[in-house]
Structure formats: structure tokens, C-alpha cells
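Working through the structure, step by step
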2 protein chains.
Amino acid sequence: MVEENKISIAVIKRLPRYYRYLGELLANGVTRISSKELSRRMNITASQIRQDLNNFGCFGQQGYGYNVVLLYEEIKKILGLDKNYNMIICGLGNLGKALSNYYKFDRLGFNFIGLFDISQEMVGTTWNNIRVGCVSELESFLAENEVDIAVLTLPKTSACKVSQTLVNGGVKGIWNFSNVDLHIPDSVRVENVHLTDSLMVLSYGLNEG
Amino acid sequence: MVEENKISIAVIKRLPRYYRYLGELLANGVTRISSKELSRRMNITASQIRQDLNNFGCFGQQGYGYNVVLLYEEIKKILGLDKNYNMIICGLGNLGKALSNYYKFDRLGFNFIGLFDISQEMVGTTWNNIRVGCVSELESFLAENEVDIAVLTLPKTSACKVSQTLVNGGVKGIWNFSNVDLHIPDSVRVENVHLTDSLMVLSYGLNEG
């Protein structure tokens, strides 16, 4: 019914935001909403909202608005949030530690089952009840455990090599915080979070006259 | 000469990546490069590269390619990286701590001059040689110090209120890691890093048939 393959990446990138707003509506007991009211809250045009949501079938009815529960559940499914994911972190520096502590991931169904680092100081310690393994143990860990997503928070010098190990080990997606573009097969999904790139876009904005 | 205002946000978002690749070329002593070779390295089409870079004047010459130094310096200027910025962090949880330790920011000209938190445990401690202040001290700090960029790593419950204090205090840009959309005047730039949104886009990808 829902033809997910035809949805553009721009729309996909907006979906988590819809999901967030719809979740807040539900938490406040709101079960239906007009595109106009959603537009006001989300600060995007009502026509953009209608266009986006039309991609997923007809959740809006003239004179009624959107059924918040149906829409929320459908977006949840499309984003794959009706499943659980096994995650590992490669690189337990400050950022890796911060991500491992992020309480929301667990609530969304993303569960950490392994933590890996390269420094002798970290390896062997316990972090969030998980023993920190050495990156050199990754291969055997991946052979024994099904890992859906690897969070890559290693320096870029080691990130490329480790990404190959992750690919060979059958990891399905890499959440890449290393400031380098990974060259891996299309079959493995990569979502980049390049923090310095984001900061540069902000500094551009400060100078844009 | 360069008409920055006409450059689309999509191009701007690609600039840091060009800057990164050009920097690596320079570090390797490469002073000129064809769009074809840059295309191969960056994994985007040569025509996209020519189109993007044409926005900033003619750095490419038929049969010569791009002058890497000139292009690098121009992009640096466009991104505002030829200046220094005073930054503060509001929210010294794990993520705030990780960002405060990120060595690259300093090298790019982004300098932390203040750190603020709400928890009694953090306030008064010293972190990276800076005394951690209480968020309630923000107003007076902003009155005495020129702050270009505030990093917002507070929970969303307090992020909205603090963003108002930042705006009133004359902060020019907010780098927002709180999982909430800020409603502030257009005169203050906001760059959002919604981590859970990014993870959801990845989980979408894992399920995309």
C-alpha cells in the first residue's frame, strides 16, 4: 500500500520531525489535527505538510484533519521504529561515551550490545555495564553477534579501516561521526554526522550579511 | 565580486566538504586539480562540482583545472573561517563535555570562553581550565562578554527558556543539540543537530527494501 521506495530523501529527512511533533500531540491527548494547525506548530507551510504526508496514503480528511494516532504509527513503521536494533560503538572517546549514555536511543529500540576502543586505558574497563573490547576483537564479535548499526566515533585515521571490518562482519548500517567520508558498498547504509561541517554552516550564516 | 546571498543552502551545506577535501589536497602538496579528479575523490559528479564552484567565480580553467590554494582560501572566507568566534556551551552533560574537548574547533577559530550548566554538581567545577557557571549567571555573562555562538546541549525542557536568554544577550548563533525546535528571531542563526532524527533516517535506510 505504502510505496516507500518512491519517497525522496528530502521527505525522509523531515519524517523524524513529524514523528517528534505527532508524539508530543499524542502526549497531550490531541488525536486529530488540521494541516493548518500542524503548519503553525512546525513552522512549515500547510501545503508542504499535505504534500509530504500524501506520500504515505490518505491520513487527512477534508474537514476532519489528520488522525494523529494513525499518522504517528505509520511514520513509526516507515522509519523502522517498530523494530529493535543491536548497536555497537567503535570509539569510546568523549563523544562515544556521550552517545552510549543517551537514554533516548534505548527507548526508541536501539540497544547497545558492544563497545569498542583502541586505547589501552579504555579496553577492559566497564562502561554502562558493558565490557569495553579492543577494536581488534571486532571481527570475532561480529561473527558471533548480529549487529544492525555501528556508531563510528573513531579518529578518521582508524575509521576507514574499521569501517571495512564492520562491512565484512555484516553490519547493516554505520552512523558515522568520524570526520571522513567512508567508501563502502551501497548495501551498507551510512548516515553521516559531520560536526565541524555543521559548525561551518553556522559560521557561514553569521557572516551572510 | 562573490555574490554570497544568491548561493542556495544546498550548496552551502556542501561547502564544508569541499573545504575538507581541498585541505587534504593541500596537505599532500597538490596545488591544482581537475573537476574530474575531484569528482572521483569526492564521489560526486564533475558537473555538480563545476556548477557548485561556479557560484564563487571562476577558479577553474579549461585544461588547467582548479587552483587548489585559491579555491581553499575562497571557501574559507565564504564559510567565515578567516575569523575567530567566541563560543559558550550551555549544558555540560556528556555531549557538552565531548564538544568542549573537541580539539578541532579551536584550530578552526572557535574558542570556548564560557561553560554553563544547571546541575549543582557541575557548577563551580573547572573544566578545560574554565570555571563552570550556573545557567542563571548567563545574563550577566552575556552583558560583559561578546559571545558569537552558543552551543545548546541542555534537555529540551530548559533549552527553550535558555535560548531566549541567549537571544536577549546578543548571541549571534545557536548550535542546537537539544531535541527541540527553537522559536527565536531570524536575526539569530540556528544550526540544528538532532541526533535522534539522524539515527531515525539511518533506521529508515535499513528497512528500505
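Residues numbered from 1 in each chain as written. Chains lettered and ligands numbered in written order. Predicted model: local features only at pLDDT ≥ 70, side-chain atom pairs only at ≥ 80, totals over all residues. Heavy atoms only, no water.

**Considerations on the packing of aromatic side chains**
Residues and elements named next belong to chain A. Basically, it comes down to this: The aromatic pairing rule takes the rings of Phe, Tyr and Trp, using the six-membered ring of Trp, and pairs them if the centres are within 6.5 Å, calling planes under 30 degrees apart stacked, those over 60 edge-to-face and the rest tilted. The rule is simple: take the accessible area with a 1.4 Å probe, protein chains only, and divide by the maximum for that residue type; under 20% is buried, over 50% is exposed, in between is partly exposed. Only lysine NZ and arginine CZ atoms are considered, and such an atom sits over a ring when it is within 6 Å of the ring centre and within 35 degrees of the ring normal.
Summed over the entire model, instances satisfying the criterion amount to 14 aromatic pairs over all chains. Aromatic pair W175 and F177: ring centres 4.9 Å apart, planes at 70°, arrangement edge-to-face. Judged by its relative accessible area of 0%, W175 is buried. Overall, F177 belongs to the buried group, its relative accessible area being 4%. Directly above the ring of W127 sits K97, whose terminal nitrogen or CZ lies 5.2 Å from the centroid.

**Comments concerning the relation of the copies chain A and chain B**
To be explicit about the condition: Least squares is used to superpose the copies, and the fit set is the C-alpha atoms of residues whose pLDDT is at least 70 in both copies. We call two residues in contact when some of their heavy atoms are within 4.5 Å.
Each copy of the sequence occupies a distinct position, and chain A is placed on chain B by a rotation of 180° and an axial shift of 0.0 Å, giving an RMSD of 0.0 Å. Expressed as a symmetry operation, the mapping of one chain copy onto the other fits a two-fold axis. When the interface residues of chain A are mapped onto chain B, 100% of them again lie at the interface, so the same face is used by both copies.

**Examining the interface of chain A and chain B**
Stated formally: As a working definition, buried area equals the accessible area (1.4 Å probe) given up by two parts on being put together, with both sides summed. Should a side-chain nitrogen of Lys or Arg be within 4 Å of a carboxyl oxygen of Asp or Glu, the pair is scored as a salt bridge. Side-chain atoms alone can form a polar contact between residues adjacent in sequence; in general such a contact is a pair of N or O atoms within 3.5 Å, and within protein one must be able to donate a hydrogen while the other accepts it. To qualify as a helix, a DSSP run of H or I must reach at least 4 residues; to qualify as a strand, a run of E must reach at least 2; elements of each kind are numbered from the N terminus.
Contact with chain A, which involves 59 residues of that partner, is made by 59 residues of chain B. Of the roughly 5600 Å² buried where chain A meets chain B, counting both sides, 63% is carbon and sulfur surface. Our enumeration of links across chain A and chain B arrives at 10 salt bridges. When the shortest N-O distance is used, the salt bridge between A:E208 and B:R189 registers 2.2 Å. Counting across the chain A and chain B interface gives 26 residue pairs in polar contact (both at pLDDT 80 or more). Residue assignment for the side of chain A that touches chain B shows that the elements contributing at least two residues are α1 (9-27), β4 (85-90), α5 (94-100), α6 (103-107), β9 (173-176), β10 (189-192) and α9 (195-206) of chain A. Looking at the side of chain A that touches chain B, the element that brings in the most residues is α9(A), giving 12 residues.

**Some points on the side chain of B:N179**
Within the element layout of this structure, B:N179 appears in the loop between β9 (173-176) and β10 (189-192). Among the polar contacts listed, one links the side chain of B:N179 to the side chain of B:T196, at a separation of 3.1 Å. The contact partners of B:N179, leaving out residues within four places of it in the chain, are A:R20, A:K104, B:K156, B:H194, B:T196 and B:D197.

**Observations regarding the environment of A:R14**
Residue and element names in this part refer to chain A. Counting through the fold element by element, R14 comes out in helix α1. Separated by 69 residues in sequence, R14 and K83 place their C-alpha atoms 20 Å apart. Discounting chain neighbours no more than four positions away, the residues touching R14 are Q48 and D52.

**Brief notes about α1(A)**
Put simply, the test is: For a helix, the expected span equals 1.5 Å multiplied by the number of residues minus one. At any given residue, the bend is defined as the angle formed between two axes, one fitted to the seven residues that end at that position and one fitted to the seven that begin there.
Its 19 residues place the ends of α1(A) 28 Å apart at the C-alpha level, agreeing with the 27 Å of an ideal helix rising 1.5 Å per residue. The largest bend in α1(A) comes to about 25°, at A:L15, with the proline A:P16 one to four residues further on. Buried within α1(A) we find A:V11, A:I12, A:L15, A:P16, A:R17, A:Y18, A:Y19, A:R20, A:Y21, A:L22 and A:L25. Those residues of α1(A) that are buried are in contact with β1 (32-33), α2 (35-42), α3 (46-54) and α4 (68-78) of chain A together with α9 (195-206) of chain B. Of the residues one or two after α1(A), A:G29 is the one with positive phi, at around 80°.

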